[in-house]
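Structural overview for review
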Amino acid sequence: MPEVIPLGYDGTVLALAGTMKYRYSLASERGPRKKNQDKGLAEPGLGLFVVADGMGGYAGGEVASALAVEAVAELVARDQADDESTLPFGYPADVDPMPGLLDVAFRAADLRVQERREGLLSNMGTTMVAVLVRGRRVALAHVGDSRIYRLGSGGMDQMTRDHSLYEELRAAGSEVPPIHEFPYANVITRAIGAQSRADLQLLEVTAPMTLLLCSDGLSGALDDELMAKILESVSPERAADVLVSDAIDAGANDNVTALVLALEP
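All figures in this text were calculated on a predicted structure; none of them were measured in a lab. All residue numbers refer to position in the chain's written sequence, counted from 1. Note on the predicted model: pLDDT of at least 70 is required for a residue's local features to be given, and 80 or more for side-chain atom pairs to be given and counted; whole-chain, interface and lining totals, by contrast, use all residues. Excluded from the side-chain calculations are hydrogens and water; all other atoms, namely the structure's heavy atoms, are used.

**Here we look at the packing of aromatic side chains**
Pairing of aromatic rings covers Phe, Tyr and the six-membered ring of Trp, with a centre-to-centre limit of 6.5 Å; geometry is then stacked below 30 degrees between planes, edge-to-face above 60, and tilted otherwise. All told, the structure shown has four aromatic pairs when counted by the stated rule. Ring centres of Y22 and F49 lie 5.5 Å apart, and the angle between their planes is 85°; this geometry places the pair in the edge-to-face category. Of this pair, Y22 sits in strand β3 (residues 20-29) while F49 sits in strand β5 (residues 48-55), and the two are 27 residues apart along the sequence. As far as the burial class goes, Y22 and F49 line up, both buried. Taken together, Y22, Y24 and F49 form an aromatic cluster joined through their ring pairs. Where helices and strands are cited, they refer to DSSP runs of H or I of at least four residues and of E of at least two residues respectively, numbered from the N terminus. Relative accessibility decides the category of a residue: with a 1.4 Å probe and only protein chains considered, values under 20% of the type maximum give buried, values over 50% give exposed, and everything between is partly exposed.

What follows is the structure, encoded as structure tokens:
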């Protein structure tokens with residue numbers, strides 16, 4: 001595992017992983033809701049960073065997000081400990097093994113949530129985004145409407161497309177009103193626990209890069225321009241706290257989770 005050097009912030013470290021240095025911060029607040037059904041995970045020793053936004057009733061969302069994140073972390077840890085271990089699922093031959101590992105991990109999470117869907121938890125599920133860092137390469141995976149952004153010279157680039165009814169209609173060429181006027185804005189079309197597969201990407205880091213993983217409580221409260229300004233003006237160790245605090249102040253109507261990851265080759 002890479003050496004981990006605490007920086008003096010609770011939950012924040014600087015990790016040296018081969019040819020990659022990364023700094024991060026993670027923050028989550030329940031906002032106006034009675035419980036926080038979001039779940040964030042930062043494991044620098046695994047190069048793994050995850051945000052999940054649970055759904056499915058008062059108890060279900062909290063359980064689903066925790067189960068999903070736990071399943072992803074377990075599988076990635078097992079693979080790192082023994083790269084010849086047998087994976088529970090295969091991935092297509094044309095998929096690079098690195099995003100392929102996230103694909104398998106998301107499928108394992110989907111199965112774990114499905115197995116617990118009964119009684120009061122029968123409708124539970126969760127959205128999820130994940131970043132896996134290995135050397136100078138970064139794999140991204142997402143299901144649902146939690147998002148991954150990349151801070152670029154021109155501002156925020158949204159790296160994921162929401163698996164939502166609104167975005168599916170837009171992609172099909174249908175005319176839709178602004179999202180705040182759309183009556184089914186909260187309807188998602190993929191979720192962990194509903195036999196959904198992740199969309200995958202693979203990036204190579206050749207220059208410093210900052211990624212933001214977040215639940216829709218953040219992206220629904222702050223626009224891209226404001227998030228970019230925060231990431232440009234605040235250190236990675238403080239950025240998640242500032243993003244979440246500003247989203248709450250802006251009137252976020254959901255749980256809010258932000259995970260900021262600064263990568264430097």
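Resuming the write-up.
**Observations concerning the nonpolar core**
Here, nonpolar core means buried Ala, Val, Leu, Ile, Met, Phe, Trp, Tyr and Cys residues that are tied together by side-chain atoms lying within 4.5 Å of each other. If you look at the biggest cluster of nonpolar residues, it comprises 33 residues, and the most contacted ones within it are L48, V50, V72, F106, M128, L132 and I192. For M128, the residues in contact, after removing those within four places along its chain, are V50, V51, A52, A68, V69, V72, F106, A109, A141, H142, V143 and I192. L218, A228, A240 and A247 belong to the second-largest nonpolar core, a separate cluster that totals 23 residues. Contacts are assigned to residue pairs with any non-hydrogen atoms lying within 4.5 Å of each other.

**Some thoughts on the pattern of salt bridges**
A pair can form between side chains of opposite charge whenever their charged atoms are brought close. Basic side-chain nitrogens of Lys or Arg form a salt bridge, by our definition, when they fall within 4 Å of a carboxyl oxygen of Asp or Glu. Applying the stated rule across the entire model yields 13 salt bridges. The closest approach of N and O atoms between R33 and D254, which form a salt bridge, is 3.6 Å. Taken together, the positions of R33 in the loop between β3 and β4 (38-43) and D254 in the loop between α6 (236-249) and β12 (256-264) put the pair 221 residues apart, joining distant regions of the chain. We classify R33 as partly exposed; its relative accessible area is 38%. A salt bridge links R170 to E167, with the nearest nitrogen and oxygen atoms 3.7 Å apart. Linking R170 with E167, this pair stays in helix α3 (residues 165-171), spanning three residues, or about one helical turn. Via salt bridges that share partners, E70, E74 and R112 belong to a single interconnected network.

**Describing the sheet that holds β5**
Any two strands are treated as partners once DSSP identifies two or more bridges connecting them. Read across the open sheet, the five strands follow the order β4-β5-β6-β7-β10; overall the sheet is antiparallel. Sheet topology places β4 and β10 (199-204) at the edges, where each strand pairs with a single neighbour. Within this sheet the neighbouring strands show an average axis-to-axis angle of 10°, counted without direction. Sitting on the sheet, helix α1 (residues 60-81) is in contact with β4, β5 and β6 (125-134), with an inclination near 25° to β6. In this description, a line fitted to the C-alpha atoms serves as the axis of each element, helices being fitted only across the stretch in contact, and the angle between N-to-C directions of two axes falls anywhere from 0 to 180 degrees.

**Notes on the packing of α1 against helix α2 (residues 97-115)**
Put simply, α1 and α2 touch, their axes get as near as 8 Å, and they point 140° apart. Judged by the angle between their axes, α1 and α2 are oblique. The hand of the α1/α2 crossing is right-handed. Contacts between α1 and α2 involve A64, L67, A68, E70, A71, V72, E74, L75, V76 and D79 from the first element and L101, V104, A105, F106, A108, A109, R112 and V113 from the second. Gly counts as polar in this scheme, as do all residues outside two lists: the nonpolar Ala, Val, Leu, Ile, Met, Phe, Trp, Tyr, Cys and Pro, and the charged Asp, Glu, Lys and Arg. Broken down by class, the residue content of the contact of α1 with α2 amounts to 14 nonpolar, no polar and four charged. Throughout this description, any angle smaller than 35 degrees is read as roughly parallel, any larger than 145 degrees as roughly antiparallel, any in the 65 to 115 degree range as roughly perpendicular, and the remainder as oblique. Should the near helix be turned counterclockwise from the far one by less than a right angle, the crossing is left-handed, whereas a clockwise turn marks it as right-handed.

**Some words on the packing of helix α5 (residues 224-233) against α6**
Axis separation between α5 and α6 bottoms out at 9 Å; the angle between their running directions is 150°. Judged by the inter-axis angle, α5 sits roughly antiparallel to α6. For α5 against α6, the interelement crossing comes out right-handed. On α6, the residues touching M227, I230 and L231 of α5 are A239, V242, L243 and D246. Of the residues that constitute the contact of α5 with α6, the class distribution is six nonpolar, no polar and one charged.

**A word on the pairing of strand β8 (residues 147-152)**
Two elements, β8 and strand β11 (residues 209-214), share five bridges in a ladder whose sense is antiparallel. Paired with L151 across the strands is T210, a residue of β11. Pairing of β8 with strand β9 (residues 155-158) involves four bridges; the strand directions are antiparallel. From the neighbouring strand, Y149 faces β9, where its bridge partner is Q158. If you look at the hairpin formed by β8 and β9, you'll find two residues sitting between the two strands.

**Regarding the side chain of S146**
Take S146: it is sitting in the loop between β7 (137-143) and β8. Classification of S146 by relative accessible area gives buried; the value is 0%. Counting of polar contacts relies on pairs of N or O atoms within 3.5 Å, with two restrictions inside protein: one atom must be capable of donating a hydrogen and the other of accepting it, and residues adjacent in sequence are counted only when both atoms are side-chain atoms. A polar contact of 2.7 Å, which involves the side chain of S146, links it to the side chain of T127. The residues touching S146, leaving out its near neighbours within four places in the chain, are D53, T127, V129, T160, C214 and S215.

**Section: the layout of surface pockets**
Looking at the largest pocket, its volume works out to about 940 Å³. With a 1 Å grid spanning the protein atoms alone, the term cavity applies to any set of points in which a 1.4 Å probe fits but cannot get out, the term pocket to an open set with protein on both sides within 12 Å along at least five of seven lines, and the term lining residue to any residue with an atom within 4 Å of a point. Lining the largest pocket are 31 residues, and of these D145, A185, N186, D216 and D254 sit closest to its centre. Per-class residue counts for the lining of the largest pocket are eight nonpolar, 13 polar and ten charged. Grid points are joined across faces, edges and corners, and a volume is the space filled by probe spheres set on the points.

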